[in-house]
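Structural overview
Next come the chains, spelled out residue by residue.
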Amino acid sequence: MISMLARNGSLVTEFVLAGLTDHPELQLPLFSMFLMIYIATVLGNFGLVTMISLSHHLHTPMYYFLFNLSFIDLCYSSVFSPKMLMNFVCEKNTISYVSCMTQLFFFLFFVISECYMLTSMAYDRYLAICNPLLYNVTMSPRVCSILSFTSYGMAFIGASAHTGCMLRLTFCNANVINHYLCDILPLLQLSCTSTYVNEVVVLIVVGINITVPSFTILISYVFILANILNIKSTQGRSKAFSTCGSHVVAISLFFGSGAFMYLNRSESMEQGKISSVFYTNVVPMLNPLIYSLRNKDVKIALKKVVVKVHSRFIP
């Protein structure tokens with residue numbers, strides 16, 4: 001379908017990704033930095049997915065959502081990072097029209113999935129802290145499955161809407177995308193036909209996918225905060241504040257930078273590229289650290305996995 005539309009709806013057969021910067025002296029340092037970020041992201045998220053799969057005591061609702069989040073971050077970063085890294089070492093980084101539309105779809109699919117998975121995780125924490133007696137009944141395997149499938153379903157609808165609207169545009173001569181990936185706004189700038197429908201879809205779909213999850217997360221953490229303040233133990237209160245505080249920082253970075261990129265239309269594309277680094281590169285790298293390494297259960301599981309591997313390969 002995409003290849004047919006590529007022939008009928010666009011004169012451009014390939015795009016050129018401009019990358020993050022055009023300063024030659026910054027290419028190598030940025031390549032090294034983003035390569036390390038990508039390696040850390042892959043190792044952290046793949047390690048977490050593997051550990052949760054192998055550790056039976058981590059088969060709980062909280063780790064079910066964390067498993068999904070890590071899987072999303074792993075796929076999400078792999079959609080654009082290889083091409084982004086090529087920008088720093090190649091003189092001209094091209095991507096075909098079909099590949100660009102495919103990258104756009106999967107990028108949007110995983111980023112929207114993350115929005116709703118973070119929402120599910122916040123709801124899970126709200127129930128665990130504010131209604132612990134009803135937690136196991138409320139967060140049954142069926143409810144967890146419904147929440148995760150809803151996240152992926154909303155992502156599929158949003159990604160399909162954006163990509164479908166993009167496929168109806170015609171790209172004539174200009175083919176340099178002022179970004180390090182095929183994203184909505186840089187592509188709209190290249191269209192030689194009206195982008196009015198696309199802009200309306202961006203405002204509606206992005207508005208819903210940022211406003212609804214962020215508002216739900218905010219309400220969940222307000223109730224969590226109120227509950228924490230009622231904890232009499234100073235140590236327990238400070239531990240809860242520390243854990244929730246790091247979660248809120250990661251969520252704020254993700255939703256804040258996303259809203260700045262898509263909803264603040266007065267900013268330049270250069271500013272947009274910098275803000276997008278936070279939700280495309282930084283947050284997927286930080287999530288395994290924030291949600292797992294500070295967690296006692298994960299530390300215990302990690303030790304068990306290390307002992308198993310050590311005993312199997314080293315007699």
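The rules we used
Positions within a chain are numbered from 1, following the residues in the order the chain's sequence is written. For this predicted model, a pLDDT threshold of at least 70 governs which residues receive local features, and a threshold of 80 or more governs which side-chain atom pairs are given and counted, while totals over whole chains, interfaces and linings are taken from all residues. In computing side-chain properties, one takes all heavy atoms of the structure into account and sets aside hydrogens as well as water. UniProt positions are given in the numbering used here, feature names are shortened, and annotations may be inferred rather than shown by experiment. Helix and strand assignments follow DSSP, with helices taken as H or I runs no shorter than four residues and strands as E runs no shorter than two, numbered in order from the N terminus. Burial status follows relative accessibility: with a 1.4 Å probe on protein chains alone, a residue under 20% of its type maximum counts as buried, one over 50% as exposed, and anything between as partly exposed. Residues are treated as being in contact if the distance between any of their heavy atoms lies within 4.5 Å. Using only the protein atoms, space was sampled on a 1 Å grid; points where a 1.4 Å probe fits but cannot get out form cavities, open sets with protein on both sides within 12 Å along at least five of seven lines form pockets, and lining residues are those with an atom within 4 Å of a point. Grid points are joined across faces, edges and corners, and a volume is the space filled by probe spheres set on the points. Three categories are distinguished: nonpolar for Ala, Val, Leu, Ile, Met, Phe, Trp, Tyr, Cys and Pro, charged for Asp, Glu, Lys and Arg, and polar for the others, with Gly belonging to the last. Two cysteine sulfurs form a disulfide in these notes if their separation is within 2.5 Å. A residue's pLDDT is the confidence the predictor assigns to it, expressed on a 0 to 100 scale. In this analysis, strands are considered paired if DSSP registers two or more bridges between them. Residues belong to one nonpolar core when they are buried, are Ala, Val, Leu, Ile, Met, Phe, Trp, Tyr or Cys, and are joined through side-chain atoms within 4.5 Å. Stacked, tilted and edge-to-face are the three classes assigned to paired rings of Phe, Tyr and Trp, where Trp is represented by its six-membered ring and a pair needs centres within 6.5 Å; plane angles under 30 degrees give stacked, over 60 edge-to-face, the rest tilted. Only the contacting stretch of a helix is used when fitting its axis, a line to C-alpha atoms as for every element, and angles between N-to-C directions run 0 to 180 degrees. An angle counts as roughly parallel when it lies under 35 degrees, as roughly antiparallel when it exceeds 145, as roughly perpendicular when it falls between 65 and 115, and as oblique in every other case. Handedness of each helix crossing follows the sense of rotation of the near helix against the far helix: counterclockwise by less than a right angle gives left-handed, clockwise gives right-handed.

By the naming in an unreviewed UniProt entry, the chain goes by Olfactory receptor and is assigned to Mesocricetus auratus. You can read under Sequence similarities (unreviewed entry) in the UniProt record for the chain the words "Belongs to the G-protein coupled receptor 1 family." Taken from UniProt, the Subcellular location (unreviewed entry) comment for the chain reads in full: "Cell membrane".

Side note on the overall build of the chain
Per the secondary structure count, the chain includes 11 helices and 3 strands. Each helix (α) and strand (β) of the chain, taken in turn from the N terminus, gives the series α-β-α-α-β-α-α-α-β-α-α-α-α-α. Taking all 315 residues of the chain together, the buried fraction comes to 47%. Considering only intrachain contacts with a sequence separation of at least 6, the fraction spanning at least 24 residues in the chain is 80%.

Concerning empty space enclosed by the protein
In this structure the tally under the stated criterion is 2 cavities of 30 Å³ or more. By volume, the second largest cavity is sized at about 30 Å³. Sorting the residues of the lining of the second largest cavity by element identifies helix H2 (24-54) and helix H3 (61-89) as the ones contributing at least two each. Residues of the lining of the second largest cavity, tallied by class, amount to 5 nonpolar, 2 polar and no charged.

Things to note about the UniProt feature "transmembrane region" (unreviewed entry) in the chain
Mapped onto the present numbering, the UniProt feature "transmembrane region" (unreviewed entry) falls at residues 30-50, 62-81, 101-123, 143-161, 200-228, 240-262 and 274-293. The annotated region residues 101-123 carries 100% helix and 0% strand content, and the separation between its end C-alpha atoms amounts to 33 Å.

Comments concerning the state of the cysteines
In the structure shown here, the tally under the stated rule is 2 disulfides. There is a disulfide in this structure between Cys 100 and Cys 182, and the S-S distance comes to 2.1 Å. Its torsion about the S-S bond being -125°, the disulfide of Cys 100 and Cys 182 is classed as left-handed. Of this pair, Cys 100 sits in helix H4 (residues 97-130) while Cys 182 is found in the loop between strand E3 (176-177) and helix H7 (184-188), placing the two residues 82 residues apart along the sequence. Neither Cys 100 nor Cys 182 differs from the other in exposure class; each is buried. Each sulfur of the disulfide joining Cys 172 and Cys 192 lies 1.9 Å from the other. Here the disulfide of Cys 172 and Cys 192 is right-handed, its torsion about the S-S bond being about 70°. Here Cys 192 lies in the loop between H7 and helix H8 (196-229) and Cys 172 lies in the loop between helix H6 (141-167) and E3, a separation of 20 residues in the sequence. You can call Cys 172 partly exposed: its relative accessible area is 27%.

Looking at the confidence of the model for the chain
Overall, the predicted model of the chain reaches an average pLDDT of 85, with 89% of residues at or above 70. Put simply, helix H1 (residues 2-9) is where the chain has its lowest mean pLDDT, 46, and H6 is where it has its highest, 96. Below a pLDDT of 50 lies the segment residues 1-8, which in the model reaches 9 contacts outside its immediate sequence neighbourhood of four places, other chains included.

What to know about the pairing of strand E1 (residues 14-17)
Here 3 bridges tie E1 to strand E2 (residues 94-96), and the two strands are oriented antiparallel to one another. Each residue of the ladder has a partner; that of Phe 15, found in E2, is Ile 95. Two strands pair when backbone bridges link them, and E1 and E3 are joined in this way by 2 bridges, in the parallel orientation. The residue bridging Leu 17 from the neighbouring strand is Ile 177, located in E3.

Remarks on the nonpolar core
By size, the foremost hydrophobic cluster in this structure holds 81 residues, and its most contacted members are Phe 15, Phe 34, Met 101, Leu 118, Met 166, Leu 187 and Phe 254. It is H4 that provides the largest number of residues to this core, a total of 18 residues.

Re the packing of aromatic side chains
Scanning the model with the defined rule gives 18 aromatic pairs in all. Between Phe 105 and Phe 109, the ring centres sit 6.3 Å apart and the planes meet at 15°, which makes this aromatic pair stacked. Remark: Phe 109 and Phe 105 occur in helix H4; sequence separation between them is 4 residues, near one turn of the helix. With respect to class, Phe 105 is no different from Phe 109; both count as buried.

Quick word on the packing of H3 against H6
Orientation of H3 relative to H6, taken along the N-to-C sense of each, is 20°, at an axis distance of 10 Å. When the interaxial angle is binned, H3 and H6 end up roughly parallel. When the axes of H3 and H6 are compared, the crossing they make is right-handed. Side by side, H3 and H6 meet where Pro 61, Tyr 64, Phe 65, Asn 68, Phe 71 and Ile 72 of the first sit next to Cys 144, Ser 145, Leu 147, Ser 148 and Tyr 152 of the second.

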